[in-house]
Amino acid sequence: MFKKIIQVTNFSKQEKAVERYMKEVNDIQEAGVTRRELFKMGLSAGVGGLTAIGGGAFLPNLAQAASSKTSSIISPPCNKPWSDPLPIPQTAVSVGNFRGPGPDKGQCLEPHNLWNPGKGPIGGFEDFTEARTEVHQRWDELGGDAACAKYELMAQEIDWNFYSAAEYPTFNSKVWTYKDMNPNSKGEFATGVLRLKAQYGQPVLMRMYNGLPKDGRDTQGFGINQISPHLHNAHNPPESDGGPMRFLDSGKWYDYWYPNVRAGFASTHKAGTTRYDAANPKGLWCPGDWQETQSTLWFHDHRMDFTAQNVYKGLASFYTLFSKDINLDTDDETTGLRLPSGKYDIPLLFTDKVLDQTGQMFFDSFNIEGIVGDQQTVNFKIKPFLTVERRKYRFRFLDGGPSRFIELSLSSTNTTVPTTMTRIANCGNLLPKAQVVSSIRLGVAERADVIIDFSKYKPGDVIYLENRLEQLNGKGPTGKILPSSAKTQLLKFIVSSATALPVDSSASLATLQTQVMVPMPDRTKNPVKVKRKFDFGTSNGAWVVNGKFFSPNLISAYPAEGSREEWTLTSPGGWAHPVHIHHEEFQITARNGRAPTALDDLSRKDVVRIGDAAQGTAGTTSITFEVQFRDWYGDYPMHCHNVVHEDHAMMIRFKIVPPTDPNAGK
Amino acid sequence: MNKRNFLKNLTGASLGAAALAFVPESVAKTHAPVIGSQASRSKKTFPNVPVITHEGKVVRFYDDLIKDKIVMINFTYTDCKGICPGMTANLKRVYKEFGERMGKDVFMYSISLKPEHDTPAILKAYTEMHKIQPGWTFLTGTKANIELLREHLGYKFSDPGLDNDKSQHLGVVKFGIESLERWGMAPALGDAKYLAEYVRWMEPNGSRPVLAELLG
């Protein structure tokens, strides 16, 4: 075929040689050399292997691995499930003062910071320097330096075994995580999936060091040593939000300031609000709108074009925000809503991986649809177990992606106890009232807090947490629920053998299921002034929003500070997209043009699933919601949180401006 | 040259490429990846297949075009009337952004999606018509090899209908620093200045985002 075309062209001598060469290459392919020969040659040539087999369509996953019909490469099997305990995220420790220069609302006078003088470099660095200078908005107003709880975290490479040590004792993966630089009372440093406990009314200042390897080589093929830690779902100013272009190189640090103040504090609710409960009949006052109180947030890397790689590499942890100030979600099960607390409050990060024969993570940076791993992990362990006491627990589920949607449910050997969960939160928010559910679907970055009551089980009973949602590729789930099997089980709860019931000071299940938590914020006071439409589509294989390509200097909307807008997102289907908006949460007013009915639509949201299988097997082509733009000025993104899509520019940016700005409302 | 001799004479690398299409199913199923060294990863990621430049030179894709280079890669075809002329024009702007680095450490490659039509001569004529300068090479090859490159470089959709539509592979450009294994992808019609910046931002001593420019 090639020959024929070349014949019609004007030959030079060189082209004749080219023609001969190509014919020979064609001949060899047509010759039908035996498979055995080719196999031998292919391997001895050092070509073949991983991407050769899977190519860009390298997509091992639950359903494919189970059917074995396709030629996808699969991770080493887990033949000894439930032999390692669930890693429990350790709480980062706050320090009185930073070592090195003191914090400042803008540029530190002393940007140079020795971390480890004389004790050898970290990540190749003896010292670190301040990354950039941006003034923290409202720093003095919210108490400045004196008000802050200070943390020192460092992004670092650690060795980690995703598999059980019993089955693969020598497995090791180079994982990039946030690591606490300060030890807890036991002398341990929180690392891996960790958590930061914050309280409303007390700002957090997180000095984040980038201690990732200096030369950026030997990355196992993916990841970049530049980070932008984003506190997902927080109502934060853009200079501390961790947006895609505000990344820091390895060897730098930056002070991220999280004011932990409720939306409306400087705009619609300047006088603050008061929450009343039985213990406080006179009420407890707080700045902003108490009905914007949040609970389960997380922080993860957001470096433009590399979010998927860096988050997959391990840069993801929890930020649990408590509201002791209004006696709500207090981190103490004897007060407020009396939610299970302390060691009975356990965050669970679900993320799927593809691993090689040595337990090393594999990532295909040439995949455009989304990465779906065939090994699903919980807090970075494949099939761990957790021994639970016979009492109530609060679990905080987070779908850490990169591209897999999950639907979580329980199954049990003890069939007399209903396998329902009491869902108390959606995304970062406590619901108006808890709901008893049999399963929970989460798109990437969505969260759900649940109460599971193990007191009804007998000692020794076994309960599995499962993901039964079918997803065949990175485009999104099919919506089909798979039968329960060894493949779908993610975490094994083993009910403690102790016969006496342990102390449980949290509220009774009946109370937890019926008490008012956080009513939806009032939408009537600040009426919608501007309506916008954003259509998520493609153009020649590239993502476009309203027909436009992402550009880092393009601002697509200029909402006026303090205003409320109505946004409609549309997507033609063929894909599933969990769309995330930074800055403030929104309330859904219509799905496919109709008033929403599903539980997770009837709460505050910061991620919404649109496109295929958004709910059940049904797709959603249009979502309408109301969102306010309060308290902070500046630029924020809206993007798809299938982070592979995000990295291929499925994103826009908007900028909140003062109402007097000439662009306001444009 | 008979087939047997040809087989013997061919380099291992190009043989491997020919072998790719025939990897036995049993091997495919059980062969879990071993990440290994960067060199072995690169060999697996980038088929070292022979391709032909618009100058008529036969080169190996990995050894001669990718290894130790900073590259931008897109797919196109010469008789594409849709967005292709605009894309070529935009990539010329990107070329200008890199200036003197083009052909020294930065290279651009446009691979034909219609190798059976785009002979080296046709590509040559195309580059002359568009005044393409050194450092930017148009490539063709056997249909099988070009398909292999398309799959490996991520220009592949799992939906066969979508995948068969050539126009779906035109709109994005892949860019990377091979020695650091840093790879990104962006719309080929995006702002040319930033397409170049995306590459420089990835470089250890490259430029960094200037916030003042990005705030609208």
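Bear in mind the structure is a predicted one, so any value in this text is a computation, not a measurement. Note that residues are indexed from 1 along each chain, following the sequence as it is written. Whichever chain is written first is A, and whichever ligand is written first is 1; the rest continue in order. Given that the model is predicted, a residue must reach a pLDDT of at least 70 before its local features are reported, and side-chain atom pairs must reach 80 or more before they are shown or counted; all residues, however, enter totals for whole chains, interfaces and linings.

1. Things to note about the overall build of chain A
Part 1 of the argument: For the purposes of this entry, the term helix denotes a DSSP run of H or I that reaches at least four residues, the term strand denotes a run of E that reaches at least two, and both are numbered from the N terminus. Each helix and strand counted, chain A has 9 helices and 38 strands in total.
Part 2 of the argument: Exposure classes come from backbone-placed C-beta atoms, where a residue is buried if 20 or more other C-beta atoms lie within 10 Å of its own, exposed if 12 or fewer do, and partly exposed in between. Looking at chain A as a whole, 56% of its 666 residues are labelled buried.
Part 3 of the argument: Here the contacts in chain A between residues at least 6 apart in sequence split such that 76% fall between residues at least 24 apart. For the purpose of contact definition, each residue receives a C-beta atom placed from its backbone, and two residues are in contact when these atoms lie within 7 Å.

2. Examining the overall build of chain B
Part 1 of the argument: When its secondary structure is counted, chain B shows 11 helices and 7 strands.
Part 2 of the argument: Pairs at least 24 apart in sequence give 67% of the contacts found in chain B among residues at least 6 apart.

3. Details of the confidence of the model for chain A
Residues and elements named next belong to chain A.
Part 1 of the argument: pLDDT: the predictor's confidence for each residue, scored from 0 to 100. On average, residues of chain A carry a pLDDT of 88, and 89% of them reach 70 or more.
Part 2 of the argument: pLDDT under 50 marks residues 1–11. Its contacts with residues more than four places away, or in other chains, come to 18 contacts.
Part 3 of the argument: Every residue in residues 24–71 scores below 50 in pLDDT, and together they form 122 contacts with partners more than four places removed in sequence or on other chains.

4. A closer look at helix α10 (residues 192–202) of chain B
All names here are of chain B.
Part 1 of the argument: Among the 11 residues that make up α10, 8 are buried, leaving the element largely enclosed by the rest of the structure.
Part 2 of the argument: Those residues of α10 that sit buried are Y194, L195, A196, E197, Y198, V199, W201 and M202.
Part 3 of the argument: Contacts made by the buried residues of α10 are with β3 (70–76), α6 (84–98), β6 (172–177) and β7 (182–187).

5. Observations regarding the pairing of strand β8 (residues 229–232) of chain A
Strand residues, when the strand is regular, have side chains that alternate between the two faces of the sheet.
Residue and element names in this part refer to chain A.
Part 1 of the argument: The side-chain alternation of β8 yields two buried faces, one formed by P229 and L231 and the other by H230 and H232.
Part 2 of the argument: Pairing between strands is defined by DSSP: at least two bridges between the two strands are required. Looking at chain direction, β8 and strand β13 (residues 296–301) are connected through 4 bridges and run antiparallel. Bridge pairing links H232 to W298 in β13.

6. Quick look at the pairing of strand β25 (residues 447–453) of chain A
Residue and element names in this part refer to chain A.
Part 1 of the argument: The element β25 is largely enclosed, with a buried count of 7 among its 7 residues.
Part 2 of the argument: Side chains R447, D449, I451 and D453 project from β25 onto one buried face, and the interleaved A448, V450 and I452 project onto a second face that is buried too.
Part 3 of the argument: Bridge analysis of strand β22 (residues 421–426) against β25 gives 4 bridges, and the strand direction is antiparallel. Residue pairing across strands places R423 opposite V450, the latter belonging to β25.

7. Considerations on the environment of L123 of chain B
Residues and elements named next belong to chain B.
Part 1 of the argument: Mapping L123 onto the fold places it in helix α7 (residues 120–129).
Part 2 of the argument: It is 6.5 Å that separates the C-alpha atoms of L123 and F138, two residues lying 15 residues apart in sequence.
Part 3 of the argument: Once residues within four sequence positions are removed from consideration, L123 is found in contact with H54, T78, S112, D118, F138 and T140.

8. Here's the deal with the sheet that holds strand β38 (residues 651–656) of chain A
Residues and elements named next belong to chain A.
Part 1 of the argument: An order of β35-β34-β31-β37-β38 is seen for the 5 strands of this open sheet, with the pairing classed as antiparallel. One side of each edge strand has no neighbouring strand; the edge strands of this open sheet are β35 (618–620) and β38. Strand-to-strand, the axes of this sheet are offset by a mean angle of 25°, without reference to chain direction.
Part 2 of the argument: Bridge analysis of strand β34 (residues 607–615) against β35 gives 2 bridges, and the strand direction is antiparallel. Within β35, the position partnered with G611 by the bridge is T620. To get an axis, a line is fitted to the C-alpha atoms, and for a helix only the part in contact is used. The angle between two axes follows their N-to-C directions and goes from 0 to 180 degrees.

9. Some points on the packing of α6 of chain B against α10 of chain B
Residues and elements named next belong to chain B.
Part 1 of the argument: Interaxial distance between α6 and α10 falls to 8 Å at its minimum, and their mutual angle equals 55°. Classified by the angle their axes make, α6 and α10 are oblique. The interaxial crossing formed by α6 with α10 has right-handed handedness. Facing α6, whose interface residues are N90, R93, V94, E97 and F98, α10 presents A192, K193, L195 and A196. Oblique is the label for any angle not covered by the other classes, which are roughly parallel (under 35 degrees), roughly antiparallel (over 145) and roughly perpendicular (65 to 115). Left-handed describes a crossing whose near helix is turned anticlockwise from the far helix by less than a right angle; the clockwise case is right-handed.

10. Re the sheet that holds β13 of chain A
Residues and elements named next belong to chain A.
Part 1 of the argument: Spatially, 4 strands are ordered β5-β14-β13-β8 in an open sheet, and the strand pairing comes out mixed. Each of the sheet's edge strands pairs with one partner strand only, and the pair in question is β5 (195–199) and β8. Across the sheet, the axes of successive neighbouring strands diverge by a mean angle of 25°, strand direction being ignored.

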